[in-house]
Amino acid sequence: MNNQSGHHGLLQQGLLQNRRQFFSRSSSGIGALALGSLLNRSLFAQQDDRQQRVGGLPGLPHFAPKAKRVIYLLQSGAPSQVDLFDYKPSLEQLHMTELPDSIRSGQRLTGMTSGQSSFPIIKSPWKFVRCGKSETWISELLPHMQGVVDDICIVKSMHTEAINHDPAITFFQSGNQQPGRPSIGAWMSYGLGCETAELPAFVVLLTKNTFYQAQPIYDRLWGAGFLPSQHQGVKFRSQGDPVLYLNDPAQGTRNSQRQLLDRLAKLNEMRAAEVGDPEINARITQYEMAYRMQMSVPDLTDLSDEPASTFELYGEEAKEPGTHAANCLLARRLAERGVRFIQVFHRGWDHHSNVAKHLPELAKESDQGSAALIQDLKQRGLLEDTLVIWGGEFGRTVYSQGNPDTFGRDHHPRCFTIWMAGGGIKPGFSFGQTDEFCYNIVENPVHVHDFHATILHLMGVDHERLTYRFQGRDFRLTDVHGRVVKELLV
Amino acid sequence: MNNLTTLRLGLAKYWVLLSILLPGVSELPLGSKATTAHASDEVSFNRDIRPILSEYCFTCHGPDGVARQSGLRLDLADAAIAELDSGAFAIIPNDPHNSELVKRIRSREPSERMPPVESLKLLSQEQIELLEKWIADGAEYEPHWSFVPVERPDLPVVDKIEGAQDWLQNDIDRFVLEKLNDHGMTSSPPATKETLIRRVAFDLTGLPPTIEEIDRFVNEESIDAYQRVVDHYLDSPEYAEHMARFWLDQARYADSNGYQYDTERQQWVWRDWVIDAFQRNVPFDQFTIEQLAGDLLPDATPQQRLATGFNRNHSITIEGGVIDEEYRTEYVMDRIATTGTVWLGLTLNCARCHDHKYDPISRREFYQLYAFFNQVPEKGLNGFDPRERIPSPFSDSRLASIEQRIHQLKSQQTAIATDDENSPNNLTDVEIEELKSLEKERAEFYPATLIMRELEKPRPTYMLERGEYDQLGEVVSAAFPAVFSTTFSHNQSPDRLSFARWLVDPGNPLTARVTVNRFWQRFFGVGLVKTSEDFGLQGELPSHPELLDWLAAEFMESGWDMKHIQRLIVLSATYRQSSHVGLAAYQADPQNRMLGRGPRMRLDAEEIRDAALAVSGLLVKKLGGRSVYPYQPEGLWTELNNRPGFSQEYVLGEGADLYRRSLYSFWKRSVPLPMLKTFDAPDREVCIVQRSRTNTPLQALVLMNAPQFVEAARHLAQRIITQVVVDANDPDSLGLTADEIRIDFGFQQVVGRLPQPQERSLLVKALNEERLRLVDDPVAVDNLLNVGNSPRDQTIDPNEHAAWTVLSRLLLNLDEFVTKE
């Protein structure tokens, strides 16, 4: 199938210059009853930025939000906390000793290591560096993150209930291990709508995977569950059209979709007058919004307006679509344009063997872009109302999976590390403690439900009051659990 | 002016804006909720009181014994008037002032007030007064309406209503007319014949009517013309495909295994069984029994065993780290949730961890139901067995001919071999190849389908603490919830077969109501019970309770005849009403809960794609078979999963496979076809009985730019140019130009009616503009004519073909094209 007409096609054909023309035409050309109000709202969105929003529930946010948008860099596959953030000098002594039963205390293991007769502890082979004013220990594998350590808040005491990828990532994304519930981004879209009419409220960016054993991801992770389906995340892709079917596959030297839309609007208006169903007017509006997306996405994905300093910050890799660095940059551009929830999926952290070889590769892929995003948002004044999250769906075992010489690390739900930044989160702060084995939490545990409650809180939403009635029950992202972790807040 | 009218007027202006901002969420509390806003003197427990108790009180004072506070239980009459732990009485019939309940709901003291402040729930003044009045009147309880067995209600007498005699078509209309009249509303005039045939064609076959069908019907004067159209559609194979498509959502059917790797699954033979069952119009009771327990029927046939694939359609994991029993438990849970939703309209799964918060299903009863489905010899990890190789009902002739030919070749081979010739195999090379390929085809002809079986020695069923697979509680055995007052007869074994038979027993209060309501939902967009997935205490009350019961009784008494009940609905005057009734009517009753007009709603995803294929002449009609791979953008599968050995590229189908009906499209749960998904198709990970119906910019992009639709436009253009023989001097041309005649043809193909003069002139103008534009834009011409894999008629002038393609694209983007009017 032909899908070659990338977004640059639109640019070349001078469509961006048509933008102004479009705005002047659409207000007079449509003229349908209720339509005017919506279009006008968004027409002025440029000047009246942040005052207006599209969609969302009346009465939300429940209180003044600290964060207006979220960028969630999901590190799928589960990064190793013990090698990256949770510094354990105690392991020097414990290295190659057996993990005591008292520490494991009968905990369930995955089917991959439950048959092992021995659980030798493996210290991290990497050096940790004490960084920043906060004097936080960070692994040498993350040199760029070391540089932003005073802007981020490291939570070392995350824990979850699931021990395998599918249920664990589904839990992180939807608050439930089994399929069927809405994803966090869908809840945000439903509750808070979007700050722009030109882009969806919930955008998903997929990083091209390089690790041969990477865990798959799936549409469910950004699905709408039982919420109306327009709240599902929209993938912005690095191959083909950035948004599916954004571009006319039959395009000539000039774009003709404006004409299609004008004629269509006239015919649909005639029908609306005859039938009376306001749904027809709504459809005219949706076509106009599609056109806005056609106009604005090429502008969004075209990085030619970025100064050289951007690529110094994010690295040259950011010029290659589909890399983590490029997606971090794109996430910033989406945030600037008013997208509510941006989620970047970076896969490949699932290292059941040969951590020593694979972890540095993955860390390198993630490090610079993630750190650059923090610096970039900060220098643009966006970090204060943008919540950035970095983390996976669980942690990894301190003991070796398989041969200690080529050690792997198995799934570990009992403690792991994520970090958050911006949007009302305490900077340069670490929270939670694990034991000397990096196996159990000894202080300030944060459950996935708590994590969700905290995100919603920062967005001005009481997690107990954002509900949706389905099958007779008022469902929440946090089910019947969740505590806002106030200690993390500014 | 009554309250209802005020309410409507008050909300009308907001609705317009809401429907645009929040497509799919906008709704007015009409129907049953509106009837609670009445000013009548009678308080009805079912209508007025139970919804309040359920919503505000049952969480702590309902069926869940563990969560119960203060010893107060309000869902049962005896318990509600009993003495509380405190010695007080929550309800003293006829004495609201001394009833603790009233004191508490009226209290201004935060520590006393009910519902508690922290519940974030607040009773309105009107609700408080209703509760008081109900207690003053004696606090009479009624059983929940949907748990009472169906009795056929008397037909309303509506003969005195003006115009009734002319309007009524069948008994359905009496119920509808009575309700309209009660609310001071009137019915709408009948839809035009063009609108009606297009509506009923989509509703019964999922496809638009052909121009020939439209013309025949429009010109047919006889009184039974419409009935004949309906019967024609009901008897068509497309009806069976269409019905199957709805069933597949409920059955969470897919061609992949779900969960993270979502590898391919061969389950399409079961899908063929469903189509065949609808084609044979298998009575719904038999349809139910065979799917839930066909394997347990005496002398079960292979087709009856095949039917049980229904409850093996759930996702199955292959993720290495999982524990078998953990996932096996999830599969059983899925069966209960699905079966409960599909047949009973109950949220049984809510009682997995605790007694149901609203419905009378205890945790014990949940696990008693669980026991029915817990006896499959299956595993959690890679749990594909039991499977069985059973032929599809559609392909017998092909299989027979393959087997015959194999037999022929083999005997030839054997005969020669025993002659002891030098070569042990005297088939020609061509014949050897043929034999190989036939054997391969035979082997793959019917992949083994996942089906149900029963363990020889039953597994014990434990009540699982907190619903967790490894927290084994008390052992229970299969039984029905007490609320249904059903026990096993002495010669019945407590197995799935008994369960299935109980579902379709005339005494079962739910199955028939739930099923006819889904038919209604399909035709009208909203069921008589809007919450078609929940007939429990939290579900919405029926807008037309007597009509629902009447239909349910009719359904059962007809021998569970699915065609009969649908025929009745589409033959009713209610269904035949016009939907072109003006903005005010839409604002007054956005969801048409009063049924004062005909249904008008956007078509489902599959219908839209199928309609584009049909009107462009690309549709390939063929019943059943392996799933096919239509157009989708490159890389959608591997960008999510590129793990060697656990992933695959999407391989685009060829030839006819690109143009089959959408129900045959390969359904990958983790990445459903984007076109279908954009138009609200579910991912089929769980049972769905009601899809969203949204209106989004992404849908516009699909219709404008997805190759399937651009290609359809190119073919429609080709049909317009080649199939319309124009003689402008023909008196039938009514003075229209050749272009106008062609435009009329295309327009009628797409929306089933001829254009109005102003529509026609806009299209003529557009056509001429495009001709001018395209002459100067050979790139556009070339691109337009090269979208899609189907060949182009090279005899047509490219510029002309391109101009008509642009026009056809316009037509295929009309709101009317994607809407059933």
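Since the model is a prediction, treat every value here as computed from it, not as a measurement. (Residues numbered from 1 in each chain as written. Chains lettered and ligands numbered in written order. Predicted model: local features only at pLDDT ≥ 70, side-chain atom pairs only at ≥ 80, totals over all residues.)

Peer 1: Can you lay out the overall build of chain A for me, pointing to particular residues and giving the numbers?
Peer 2: Helix and strand counts for chain A stand at 15 helices and 17 strands. The buried share among the 490 residues of chain A stands at 62%. Taking as baseline every contact in chain A between residues at least 6 positions apart, the subset at least 24 positions apart corresponds to 77%. (Helix = DSSP H or I, 4+ residues; strand = E, 2+ residues; numbered from the N terminus. Buried ≥ 20, exposed ≤ 12 C-beta atoms within 10 Å, placed from the backbone. Contact = placed C-beta atoms within 7 Å.)

Peer 1: Please set out the pairing of strand 5 (residues 202-206) of chain A residue by residue, giving values where relevant.
Peer 2: For a regular strand, side-chain orientation follows a simple rule: the groups alternate between the two sheet faces. All names here are of chain A. Burial within strand 5 is extensive, with five of its five residues counted as buried. Residues F202, V204 and L206 point to one face of strand 5 and V203 and L205 to the other, with burial holding for every one of them. Pairing analysis gives five bridges linking strand 5 to strand 7 (residues 341-347), with the strands arranged parallel. From the neighbouring strand, F202 faces strand 7, where its bridge partner is F341. Sheet analysis places strand 5 next to strand 6 (residues 234-236), joined by three bridges and oriented parallel. Residue pairing across strands places V204 opposite K235, the latter belonging to strand 6. (Pairing = 2+ DSSP bridges.)

Peer 1: Report on unusual backbone geometry, specifying residues and quantitative values.
Peer 2: Residues and elements named next belong to chain B. For the bond running from M114 to P115, omega is -10 degrees, close enough to zero to count as cis. Relative to the helices and strands, P115 resides in the loop between helix 6 (100-106) and helix 7 (125-136). In this structure, P386 follows D385 across a cis peptide bond, with omega equal to 0 degrees. The phi torsion at L120 lies on the positive side, around 65 degrees, for a residue other than glycine.

Peer 1: Please set out the interface of chain B and chain A residue by residue, giving values where relevant.
Peer 2: On the chain A side, the residues contacting the 88 residues of chain B number 78 residues. Every element with two or more residues in the side of chain B that touches chain A is listed here: helix 1 (3-21), helix 26 (583-588), helix 29 (697-705), helix 30 (707-723), helix 32 (757-775), helix 33 (778-785) and helix 34 (798-812) of chain B. The biggest single contributor to the side of chain B that touches chain A is helix 29 of chain B, with eight residues. In terms of residue class, the side of chain B that touches chain A is built from 44 nonpolar, 27 polar and 17 charged. (Nonpolar A, V, L, I, M, F, W, Y, C, P; charged D, E, K, R; others polar.)

Peer 1: Mind laying out the nonpolar core, listing which residues take part and the relevant values?
Peer 2: Ranked by size, the top nonpolar core spans 319 residues in total, and within it C153, V155, V203, A331, V388 and M420 of chain A carry the most contacts. Not counting residues up to four positions away in its chain, the partners in contact with V155 of chain A are T417, I418, W419, M420, F431, G432, V446 and L488 of chain A. L72, I91, V102 and W134 of chain B belong to the second largest nonpolar core, which has 20 residues in total. (Core = buried A, V, L, I, M, F, W, Y, C linked by C-beta atoms within 7 Å.)

Peer 1: Kindly report on the confidence of the model for chain A, identifying the contributing residues and their values.
Peer 2: Chain-level pLDDT for chain A is 89 on average; 90% of the residues reach the 70-or-more range. Segment residues 1-50 of chain A is flagged for pLDDT under 50; beyond a separation of four residues in sequence, or across chains, it makes 78 contacts in the model. (pLDDT = per-residue confidence, 0-100.)

Peer 1: Describe the packing of helix 27 (residues 605-616) of chain B against helix 30 of chain B, and please don't skip the residues or the numbers.
Peer 2: All names here are of chain B. Running from amino to carboxyl end, helix 27 crosses helix 30 at an angle of 25 degrees, the nearest separation of the two axes being 8 Å. In terms of their interaxial angle, helix 27 and helix 30 are classed as roughly parallel. Of the two possible hands of crossing, helix 27 and helix 30 adopt the one that is left-handed. On the side of helix 27, the interface is formed by R609, A612, L613, V615 and S616, while helix 30 contributes Q708, F709, A712, H715, L716 and R719. (Axes fitted to C-alpha atoms, helices over the stretch in contact; angles between N-to-C directions. Parallel < 35°, antiparallel > 145°, perpendicular 65-115°, else oblique. Left-handed = near helix turned anticlockwise from the far one by under 90°.)

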